[in-house]
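Remarks on the overall topology
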Amino acid sequence: MTTPFAKILLFTDVHLTAHQSPIIGLSPAQRLKDGLAHAAAHHKDAEHLVIMGDLTHHGDPAEYEALAAILQTVPWPVTLMLGNHDRRAGYASVFGRTGFQQTALVAQDHRVLCLDTLDENAPDTHSGLLCAERLDWLRAELAAATDPVVVLMHHHLVPTGFDGMDRIALRNTDEVTAILESSGKVRQVINGHIHRTIQTHAGTLPVAMVKSPCHQMPMALGDGSSALSVDEPGGYGVLLLGQKQCIVHFEDFGIPEAPIWNEEGSHTP
Ligand SMILES: [Fe+2]
């Protein structure tokens, strides 16, 4: 890129399965490979790849092994986050990392805080939580940050209009939003979990939600289940970080690449 931005690729909800098991007839592994190939073709200048949770569908070691094999081929450093479909034991058995997976990335003029909202003891199985230990880490990172902060998390802070998903959001959302807002340093919050591209806000904080490379939430607002899925094009996010601004772009892939026309009436490819 010629513009003074750092670029970070944001994938989420890849839901890898083992042994080629499909989800609604789709191959999560093929969808992830297709998305990464699209990103390599169009965004090879990215500095980093973050996968924002639901790395696997069941949290089994074989699924994490499949993910590790795919990630061996990518040209970017990778940060992995956990979601409600992940399991810490399975993740640790392959990637060797135990405990809460919270990381601070340093990118151009920004700190990118990757939070771990997985609650394996959730009463409803799939909602998220930032416990006291994880909140202490977040407060310390926010206090120490001298640059604007972007927060990445799997679960969502605010309702989306998909009632089934909103019942399995982050459970202590008011507490977390207050911590983020009161720091005065957070420019953007980005989450996955919904499997749909959404823009909203949490208090004064802009919130962007990135869709899955595989199955999506159908556009069925209201009192639906959290388990609805539809075969629509996969996607990922492209985060640009600059001195005065952060920008979230949304890319779809698996659709025909249309020619790009110029003023002279010719086009590429
Ligand atoms: Fe998911």
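Our structure's up above, just so we're on the same page.
Keep in mind it's a predicted model, so treat the numbers as computed, not measured.

1. Points about helix H6 (residues 173-183)
- Residues Thr173, Val176, Thr177, Ile179 and Leu180 constitute the buried set of H6. For H6, the angular spread of the buried residues around the axis is 160 degrees, confining them to a single face. Turned more than 90 degrees off the buried face of H6, the exposed positions are Asp174 and Ser182.
- Contacts made by the buried residues of H6 are with helix H4 (132-144), strand E6 (149-153), strand E7 (186-191), strand E8 (198-202) and strand E9 (205-209).

2. Let's talk about the side chain of His215
- By the element assignment, His215 lies in the loop between E9 and strand E10 (235-241).
- Judged by relative accessible area, which is 5%, His215 ranks as buried.
- Apart from the residues within four sequence positions on either side, His215 is in contact with His15, Ile23, Ile24, Leu26, His195, Ser229 and Val230.

3. Some points on the packing of H4 against H6
- Relative to each other, H4 and H6 sit at 10 degrees, their axes nearing to 10 Å. In terms of their interaxial angle, H4 and H6 are classed as roughly parallel. Facing Leu135, Leu138, Arg139 and Leu142 of H4, the residues of H6 in contact are Glu175, Val176, Ile179, Leu180 and Ser183.
- For the contact of H4 with H6, a count of residues per class yields 6 nonpolar, 1 polar and 2 charged.

4. Brief notes about the coordination of the iron ion
- With distances of 2.1 to 2.3 Å, the protein atoms coordinating the iron ion are Asp13 (OD), His15 (NE2), Asp54 (OD) and His195 (NE2).
- Taken together, the 4 donor atoms coordinating the iron ion and their angles of 87 to 176 degrees define a geometry best described as irregular.
- Within one chain, the residues donating to the iron ion are spaced in sequence as D-x1-H-x38-D-x140-H. Here His15, found in the loop between strand E1 (6-11) and helix H1 (28-42), pairs with Asp54, found in the loop between strand E2 (48-52) and helix H2 (61-71); they are 39 residues apart in sequence, far enough to count as distant.
- Under the relative-accessibility criterion, His15 is labelled buried at 3%.
- Assessed through its relative accessible area of 2%, Asp54 is described here as buried.

5. Side note on the pairing of E2
- The element E2 is extensively covered by neighbouring structure, given that 5 of its 5 residues are classed as buried.
- Residues His48, Val50 and Met52 of E2 are buried on one face, and the alternating residues Leu49 and Ile51, pointing to the opposite face, are buried as well.
- The β-α-β motif built from E1, the intervening H1 and the parallel element E2 has right-handed crossover chirality.
- As defined by bridge partners, E2 adjoins strand E3 (residues 78-81) across 4 bridges and the pair is classed as parallel. Opposite Val50, over in E3, you have Thr79 as the bridge partner.
- For the crossover from E2 across H2 to E3, the handedness is right-handed.

6. Regarding the sheet that holds E8
- Strand order across the open sheet formed by 6 strands is E4-E5-E6-E7-E9-E8, with mixed pairing between neighbours. Bordering the open sheet on either side are strand E4 (103-107) and E8, each of which pairs with just one other strand. Neighbouring strand axes in the sheet, compared pairwise and without regard to direction, differ in orientation by 25 degrees on average.
- Note: E4 against strand E5 (residues 110-114), 5 bridges, orientation antiparallel. Within E5, the position partnered with Thr103 by the bridge is Cys114.
- Packing of H4 onto the sheet brings it into contact with E4, E5, E6 and E7, and relative to E5 it is tilted by some 180 degrees.

7. Examining the sheet that holds E10
- Strand order in the open sheet formed by 5 strands is E3-E2-E1-E10-E11, with mixed pairing between adjacent strands. Because the sheet does not close on itself, it has two edges, and the strands there are E3 and strand E11 (246-252). Pairs of neighbouring strands in the sheet enclose a mean axial angle of 20 degrees, with direction left out of account.

Cut-offs and rules
Residues numbered from 1 in each chain as written. Predicted model: local features only at pLDDT ≥ 70, side-chain atom pairs only at ≥ 80, totals over all residues. Heavy atoms only, no water. Buried < 20%, exposed > 50% of the residue type's maximum accessible area, 1.4 Å probe, protein only. Helix = DSSP H or I, 4+ residues; strand = E, 2+ residues; numbered from the N terminus. Arc of directions from axis to C-beta. Contact = heavy atoms within 4.5 Å. Axes fitted to C-alpha atoms, helices over the stretch in contact; angles between N-to-C directions. Parallel < 35°, antiparallel > 145°, perpendicular 65-115°, else oblique. Nonpolar A, V, L, I, M, F, W, Y, C, P; charged D, E, K, R; others polar. Donors = N, O, S within 2.8 Å, 3.2 Å for Na, K, Ca; no water. Tetrahedral: all angles 85-135°; square planar, octahedral: opposite > 155°, others 65-115°. Right-handed = clockwise from strand over helix to strand, strands pointing away. Pairing = 2+ DSSP bridges.

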